[in-house]
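# Topology and contacts: notes
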Amino acid sequence: VIIIFLIAIFQAHGQSLGKLHGNVEQENEVVDGKVTPQVKSYLTYELHKKVGVYCWLQTNKNFSQVYCGPTFSPKAFVQVGVAAGVQTGKTTLRLAGFVWVGKGKFSNIFILETRGGTWYRDVASFQASKHFTVSFVRERFTKDGARLDYIIPKTKNKFSVGGEYYFATRTARFGLRYSF
């Protein structure tokens, strides 16, 4: 909603805008044999060459959150963002931020969320081939893990499947992602 509002404001003022990018993922988390399905989405919109907005949405039967905010890219290989939003639970305000760096086949993103509990996720990735990306993931509560993503051929890089496993907590996640 916030992104649509910002787009409408800039279009009304005749600004030249970028394109909406993002993904929607249906993911299943498996802990102690129990499967929890969830839906996640990341949306980003470039307002100017270095400035944009983003939103993160996540929902499952136990928890939901949405937050949006500005992004800034001082160089092509780095982007930072901060956001505010709402979540389920006693503390409804959710604050978040991220730093992404990438060049060539390597990238890293660090995400921090706070209010209602602090959570972080750090993903260091290597694009091993046209279709495979391997990542090392460090996440609060689930600890360290490995991730493998596979872009499905003949879908114009729109669909991918991914899975990750956290060794210390024996937590697995797998899902299907649509990117645009």
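See the structure above.
The model shown is predicted, which means the values in this text are computed figures rather than measured ones.

Time to look at the packing of aromatic side chains. In the structure shown here, the tally under the stated rule is nine aromatic pairs. Ring geometry for Tyr-54 against Phe-98: centres 4.9 Å apart, planes inclined by 85°, an arrangement best described as edge-to-face. Taken together, the positions of Tyr-54 in strand S3 (residues 51-60) and Phe-98 in strand S6 (residues 93-103) put the pair 44 residues apart, joining distant regions of the chain. Residue Phe-98 is classed as buried on the basis of its relative accessible area of 7%. Judged by centre distance (5.1 Å) and plane angle (50°), the ring pair of Phe-159 and Tyr-178 falls under tilted. Of this pair, Phe-159 sits in strand S11 (residues 159-166) while Tyr-178 sits in strand S12 (residues 171-179), and the two are 19 residues apart along the sequence. Note on Phe-159: relative accessible area 33%, which makes it partly exposed. A connected cluster of aromatic rings, assembled from ring pairs, spans Tyr-42, Tyr-54, Tyr-67 and Phe-98.

On to the sheet that holds strand S4 (residues 64-75), then. Strand pairs in the sheet, formed through backbone hydrogen bonds, run parallel or antiparallel to each other. With antiparallel pairing, the 12 strands of this closed barrel are ordered in space as S1-S2-S3-S4-S5-S6-S7-S8-S9-S10-S11-S12. Looking at each pair of strands side by side, their axes are set apart by 20° on average, direction ignored. By the bridge criterion, nine bridges tie strand S5 (residues 78-87) to S6 in an arrangement that is antiparallel. Within S6, the residue paired with Ala-83 across the bridge is Ala-96.

With that settled, consider the environment of Phe-63. For Phe-63, the location among the structural elements is in the loop between S3 and S4. Taking C-alpha positions, Phe-63 is 12 Å from Lys-40, a pair spaced 23 residues apart along the chain. Beyond its immediate sequence surroundings of up to four residues, Phe-63 is in contact with Gln-58, Gln-87 and Thr-88.

In this structure, the hairpin formed by S5 and S6 is closed by a connection of five residues, where Gly-89 is found at a positive phi of approximately 115°. Counting the residues that bridge the hairpin from S6 to strand S7 (residues 106-114) gives two residues, and of these Gly-104 lies at a positive phi of roughly 65°.

Here we come to a nonpolar patch on the surface. Together, Val-51, Phe-72, Val-80, Val-99 and Val-101 give the surface a local cluster of nonpolar side chains, amounting to about 340 Å² of exposed area. Summarising the element assignment, Val-101 is placed in strand S6.

Here the focus is unusual backbone geometry. Excluding glycine, residues mostly carry a negative phi; peptide bonds, for their part, are mostly trans. The backbone of Phe-141 sits at a positive phi, close to 80°, despite the residue not being glycine. Its place among the elements puts Phe-141 in the loop between strand S9 (132-139) and strand S10 (143-151). The class of Phe-141 is exposed, set by a relative accessible area of 56%. With a phi close to 70°, Lys-143 is a non-glycine residue in the positive phi region. If you trace the backbone, Lys-143 turns up in strand S10.

Okay, the state of the cysteines next. Cysteine pairs can be covalently joined through their sulfur atoms, and such a bond is termed a disulfide. Taken as a whole and assessed by the stated rule, the structure comprises one disulfide. Each sulfur of the disulfide joining Cys-55 and Cys-68 lies 1.9 Å from the other. Sign of the S-S torsion, about 110° for the bond between Cys-55 and Cys-68, identifies this disulfide as right-handed. With a gap of 13 residues between them, Cys-55 in strand S3 and Cys-68 in strand S4 connect regions that are remote in the sequence.

Cut-offs used in this document
- Residues numbered from 1 in each chain as written.
- Predicted model: local features only at pLDDT ≥ 70, side-chain atom pairs only at ≥ 80, totals over all residues.
- Heavy atoms only, no water.
- Phe/Tyr/Trp six-rings, centres within 6.5 Å; stacked < 30°, edge-to-face > 60°.
- Helix = DSSP H or I, 4+ residues; strand = E, 2+ residues; numbered from the N terminus.
- Buried < 20%, exposed > 50% of the residue type's maximum accessible area, 1.4 Å probe, protein only.
- Pairing = 2+ DSSP bridges.
- Axes fitted to C-alpha atoms, helices over the stretch in contact; angles between N-to-C directions.
- Contact = heavy atoms within 4.5 Å.
- Patch = residues over 30% accessible without salt bridge, like charges linked within 9 Å, V, L, I, M, F, W, Y side chains within 5 Å.
- Areas by Shrake-Rupley, 256 points an atom, 1.4 Å probe, with all protein chains shown as cover.
- Salt bridge = Lys/Arg side-chain N within 4 Å of Asp/Glu carboxyl O.
- Disulfide = S-S within 2.5 Å.

The analysis is restricted to geometry; functional conclusions fall outside its scope.
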